[in-house]
Amino acid sequence: MKRKLPHLFRRAGLVLATTGLVGALLPQQAAAQTAISPAKLEALKKELATEIDKQQKSTQEMVDMVFSFGELGFQETETSRYLTDILKKNGFTIEQGIAGMPTAWMAKWGSGKPVIAIGSDIDCIPKASQKPGVAYHDPIVEGAPGHGEGHNSGEPLNITAVLALKKIMQREKIPGTLVLWPGVAEEQLGSKAYFVRDGYFKNVDACIFTHVGDNLGTSYGDNGGNGMVSVKFNFSGQAAHSAGAPWRGRSALDAVELMDIAWNFHREHMEVTQRSHYVIPDGGDQPNVVPSKASVWYYFRDRTYPKIMEMYQDAIKMAQGATLMTKTEMTYEVLGSAWPGHMNKPMAEAMYENIKMVGLPTWSPEDQVLARATQVEMKAPKTDRKGQPIDGLAMKLDSLSKPDNHSIGGGSDDIADISWNVPTIVLRYPSNIPGLPGHHWSNAIAMATPIAHKGVTAGAKAEAMTLLDMLVKPEIIKNAWAYFNDVQTKDTKYTSFVSKTDKPAVELNKKIMADYRPEMKKYYYNPGKYKTYLEQLGIKYPTVRPAGTTQTQSGGGN
Ligand SMILES: [Zn+2]
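None of these values were measured; they are calculated from a predicted model. Just so you know, the residues in each chain are numbered from 1, in the order the chain's sequence is written. Given that the model is predicted, a residue must reach a pLDDT of at least 70 before its local features are reported, and side-chain atom pairs must reach 80 or more before they are shown or counted; all residues, however, enter totals for whole chains, interfaces and linings. Calculation of side-chain values draws on the structure's entire complement of heavy atoms; hydrogens and water are dropped beforehand.

Numbering of helices and strands starts at the N terminus; helices are DSSP runs of H or I of at least 4 residues and strands are runs of E of at least 2. Helix and strand content of the protein: 16 helices and twelve strands. Radius of gyration (C-alpha) of the protein: 25 Å, near the 24 Å computed for a compact globule of 558 residues. Within the protein, the proportion of its 558 residues that are buried is 57%. By definition in these notes, contact holds between two residues if any of their heavy atoms fall within 4.5 Å. Within the protein, residue pairs in contact and separated by at least 24 positions form 82% of the contacts whose partners lie at least 6 positions apart. The method behind every accessible area is Shrake-Rupley, applied with a 1.4 Å probe, and residues are considered shielded solely by the protein chains displayed. Looking at the protein as shown, the accessible area adds up to about 24100 Å², and 55% of this sits on carbon and sulfur atoms. Here the protein contributes 62 positive and 58 negative side-chain charges, whose respective centroids are spaced 6 Å apart. Atoms considered for the radius of gyration are the C-alpha atoms alone. The globule rule reads 2.2 Å times the number of residues to the power 0.38. Per-residue accessibility, obtained with a 1.4 Å probe over protein chains only, is compared with the maximum for each type, and a residue is labelled buried under 20%, exposed over 50%, and partly exposed between these values. The charged-residue count follows a simple rule in which Lys and Arg add positive charge and Asp and Glu add negative charge, with His and chain termini not counted at all. Lysine's charge is taken at NZ, arginine's at CZ, aspartate's at CG and glutamate's at CD.

Listed below in structure tokens is the structure:
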């Protein structure tokens with residue numbers, strides 16, 4: 001690092017003094033006025049890092065609190081109330097219940113351009129309840145939902161970052177509007193296409209999204225994931241006594257099964273990039289009543305919008321075929337969707353410079369013991385997808401991930417719908433243990449421990465620094481839009497899977513949460529009484545299987 005001369009600081013101070021006038025200027029001029037010297041910028045970034053380190057206690061409380069709520073998609077009521085209360089206390093204006101989702105919100109602070117949206121998911125995974133810091137299956141509440149994806153950590157990261165940044169923006173009179181928002185029901189790919197459709201990203205200049213990972217990194221271009229449409233097919237037939245008068249019945253469940261058989265035969269003729277899977281949310285009530293209602297819920301995934309639409313159309317034909325075979329009727333509804341992801345290059349490059357500056361957290365021997373014991377428990381592979389060895393927590397900083405144009409497909413994230421409307425990047429931060437299966441109780445083990453807390457602190461620094469860059473260096477957002485217009489959307493135009501009349505599936509998970517919430521409430525984190533959630537639960541950190549004992553039935557992957 002170069003030594004900075006004191007006069008540069010003074011000069012920067014003079015430039016910044018003029019920004020008091022920005023209220024009267026046009027947005028572009030206002031942005032131009034904020035240019036500050038590299039030395040000043042570097043000093044401000046150091047200040048951000050120091051401030052974020054000072055916030056470690058409140059970061060830990062937020063991470064642990066949201067972990068303890070463990071709320072499934074569309075039912076994130078406690079989480080939303082808790083997070084928006086913090087933002088309200090810090091001067092943000094909240095618009096609650098956006099796009100027809102009671103748990104969705106937009107929190108705004110600041111004024112003028114640029115407008116930067118900062119988001120992260122908040123929902124959890126069914127049946128993933130797990131005691132943090134324990135390296136084998138040990139649920140807090142048996143069968144209950146839990147943060148087996150780590151979505152408890154992203155909004156705490158964003159809040160930590162923006163609160164540190166806000167102080168500097170106020171003091172230095174840096175214009176800009178920060179908009180925080182949650183990924184509601186990400187596990188159902190249930191919200192972001194609706195936010196876009198309803199205009200919530202119209203006046204946004206750029207978006208930074210954060211997602212838990214096991215390293216600090218970001219990427220640009222095609223991220224190799226699949227897009228997806230989630231569709232529920234509802235069949236209706238005719239009830240009858242299954243033994244007394246079965247000939248008078250028309251089984252909706254037969255239609256579900258025949259549709260599934262057709263789809264499973266069809267798989268032989270599909271490309272390797274597709275992923276499709278289903279569950280039967282309603283298969284009838286009891287065997288002696290011919291099921292008059294039955295439904296099957298599919299996720300159809302592939303690498304491009306046309307391919308996904310083809311799957312969707314094929315499935316509708318099969319569902320119609322099933323009704324012909326069973327003399328039943330069918331309707332279908334979209335429950336969620338996501339485009340294949342494409343992230344912004346200039347923004348990713350700006351972020352990666354800060355990632356290098358921040359680096360990975362310093363892990364304690366206890367953190368490593370927990371990580372390795374969990375990897376043994378879960379029979380983690382020896383190397384990751386990039387060929388890097390998996391052994392404990394990440395020790396080598398991730399590289400800036402390049403586009404993956406030859407991917408054979410994978411998961412989906414509806415942040416992609418935002419990324420096709422506004423230049424967007426996803427910051428991944430090291431709050432979890434490498435080599436775990438995902439969507440699983442083992443992915444919750446680290447998520448209210450020092451591993452998660454340190455990962456969030458590192459991520460908050462990289463995010464706050466990048467936000468500051470974007471506020472004071474107008475060329476980043478200018479270049480981001482040039483990439484967006486001239487490269488990303490040159491040949492590919494966004495068409496939503498969601499129609500004008502589709503409604504978000506806000507009823508999803510209502511019953512599961514109603515069943516488990518009373519018991520889960522007993523374990524909500526009480527930061528007034530306990531320093532950490534580990535302390536509240538009486539967990540010795542780390543708790544690992546005593547040497548020589550073998551895995552129980554519940555260990556090693558449900
Ligand atoms: Zn996720």
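Okay, the pattern of salt bridges next. Salt bridge, as used here: a side-chain nitrogen of Lys or Arg that lies within 4 Å of a carboxyl oxygen of Asp or Glu. In this structure the tally under the stated criterion is 29 salt bridges. Residue D121 is joined to K192 by a salt bridge in which the shortest nitrogen-to-oxygen separation is 2.8 Å. Here the residue D121 occupies a position in strand β3 (residues 115-121), and K192 occupies one in helix α7 (residues 192-197), the gap between them amounting to 71 residues. Residues D121 and K192 agree in their burial class; the two are buried.

A helix's residues, less one, multiplied by 1.5 Å, set its expected span. With 15 residues, helix α8 (residues 252-266) extends 21 Å between its outermost C-alpha atoms, agreeing within 8% with the 21 Å of an ideal straight helix rising 1.5 Å per residue. Every buried residue of α8 is accounted for by A252, A255, V256, M259, D260, W263 and H266. Buried residues of α8 fall within an arc of 130 degrees about the axis and therefore sit on the same side. Those residues of α8 that are buried are in contact with β7 (227-236), β8 (275-282), β9 (293-302) and α9 (305-326). Nitrogen and oxygen atoms within 3.5 Å of one another constitute a polar contact, given that in protein one can donate a hydrogen and the other can accept it, and given that sequence-neighbouring residues count only through two side-chain atoms. Residue S251 occupies the N-cap position of α8, its side-chain oxygen lying 3.2 Å from the main-chain nitrogen of L253. Taken from the helix axis, the directions to the C-beta atoms give the arc we talk about.

A word on the sheet that holds strand β4 (residues 176-183). We treat two strands as partners when DSSP finds at least two bridges between them. Spatially, β1-β2-β4-β3-β5-β12 is the arrangement adopted by the six strands of the open sheet, whose pairing is mixed. Each end of this open sheet is capped by a strand with a single partner; those strands are β1 (93-96) and β12 (424-430). Pairwise comparison of adjacent strand axes, ignoring direction, gives a mean angle of 20 degrees for this sheet. Note on geometry: axes are C-alpha line fits, over the in-contact stretch for helices, and angles between N-to-C directions span 0 to 180 degrees.

This next bit is on the pairing of strand β5 (residues 206-213). Counting buried positions along β5 yields eight of eight residues, so the element is predominantly enclosed. Of the pairings in the sheet, the one linking β3 to β5 comprises five bridges and is parallel in character. Paired with S120 across the strands is T210, a residue of β5. Bridge count for β5 against β12 is seven bridges, and the pairing is parallel. The residue of β12 that forms the bridge with I208 is I425.

We now examine the packing of aromatic side chains. Pairing of aromatic rings covers Phe, Tyr and Trp, the last counted by its six-membered ring, and requires centre-to-centre distances within 6.5 Å; plane angles under 30 degrees mean stacked, over 60 mean edge-to-face, and any other angle means tilted. Here the structure, examined in full by the defined rule, presents 21 aromatic pairs. Ring centres of F69 and Y82 lie 5.9 Å apart, and the angle between their planes is 75 degrees; this geometry places the pair in the edge-to-face category. Taken together, the residues span a long stretch of sequence, with F69 in helix α4 (residues 56-69) and Y82 in helix α5 (residues 77-89) at a distance of 13 residues. Accessibility expressed as a relative area gives 17% for Y82, which makes it buried. When the centroid spacing of 5.9 Å and the interplanar angle of 75 degrees are considered together, the rings of W297 and Y299 count as edge-to-face. Under the relative-accessibility criterion, W297 is labelled buried at 16%.

Time to look at the nonpolar core. We call a set of buried residues a nonpolar core when its members are Ala, Val, Leu, Ile, Met, Phe, Trp, Tyr or Cys and they connect through side-chain atoms within 4.5 Å of each other. Ranked by internal contacts, the top residues of the largest apolar core, which has 112 residues, are L180, W181 and F201. A total of twelve residues in this core trace back to one element, the largest contributor, which is helix α13 (residues 450-472). If we skip the residues at most four places from it in the chain, F201 touches M106, A117, W181, F195, C207, I418 and V422. Residues F235, W263, A294 and A319 belong to the second largest nonpolar core, which totals 29 residues.

Below, the discussion takes up the sheet that holds strand β10 (residues 329-338). Remark on secondary structure: sheet strands pair via backbone hydrogen bonds, oriented parallel or antiparallel. Reading across from one edge, β8-β9-β7-β10 is the order of the four strands in this open sheet, with antiparallel pairing throughout. One side of each edge strand has no neighbouring strand; the edge strands of this open sheet are β8 and β10. Strand-to-strand, the axes of this sheet are offset by a mean angle of 20 degrees, without reference to chain direction. This element, α9, spans β7, β8, β9 and β10 of the sheet and lies at about 10 degrees to β7.

On to the packing of helix α6 (residues 154-172) against α13, then. Packing of α6 against α13 brings their axes to within 8 Å, and their N-to-C directions diverge by 45 degrees. Taken together, the axes of α6 and α13 lie oblique to each other. Judged by the twist between their axes, the crossing of α6 over α13 is right-handed. Residue-level contacts link P156, L157, N158, T160, A161, V162, L165 and M169 of α6 to V456, G459, A460, E463, A464, L467, L468 and L471 of α13. Nonpolar residues are Ala, Val, Leu, Ile, Met, Phe, Trp, Tyr, Cys and Pro. Charged residues are Asp, Glu, Lys and Arg, and all others, Gly as well, are polar. Of the residues belonging to the contact of α6 with α13, the class tally is twelve nonpolar, three polar and one charged. Oblique is the label for any angle not under 35 degrees, not over 145, and not in the 65 to 115 range, which are roughly parallel, roughly antiparallel and roughly perpendicular in turn. Crossing chirality is assigned from the near helix's rotation relative to the far helix, an anticlockwise turn below a right angle marking it left-handed and a clockwise turn marking it right-handed.

Let's shift gears to the pairing of β7. Across a regular strand the side chains alternate sides, sitting on one face of the sheet and then on the other. With eight of ten residues buried, β7 is to be regarded as a mostly interior element. Of the strand pairs in this sheet, β7 and β9 are connected by ten bridges, and their pairing is antiparallel. Bridging from a neighbouring strand, M228 pairs with R301 of β9. Two elements, β7 and β10, share nine bridges in a ladder whose sense is antiparallel. Across the sheet, residue F233 finds its bridge partner in β10, namely Y332.

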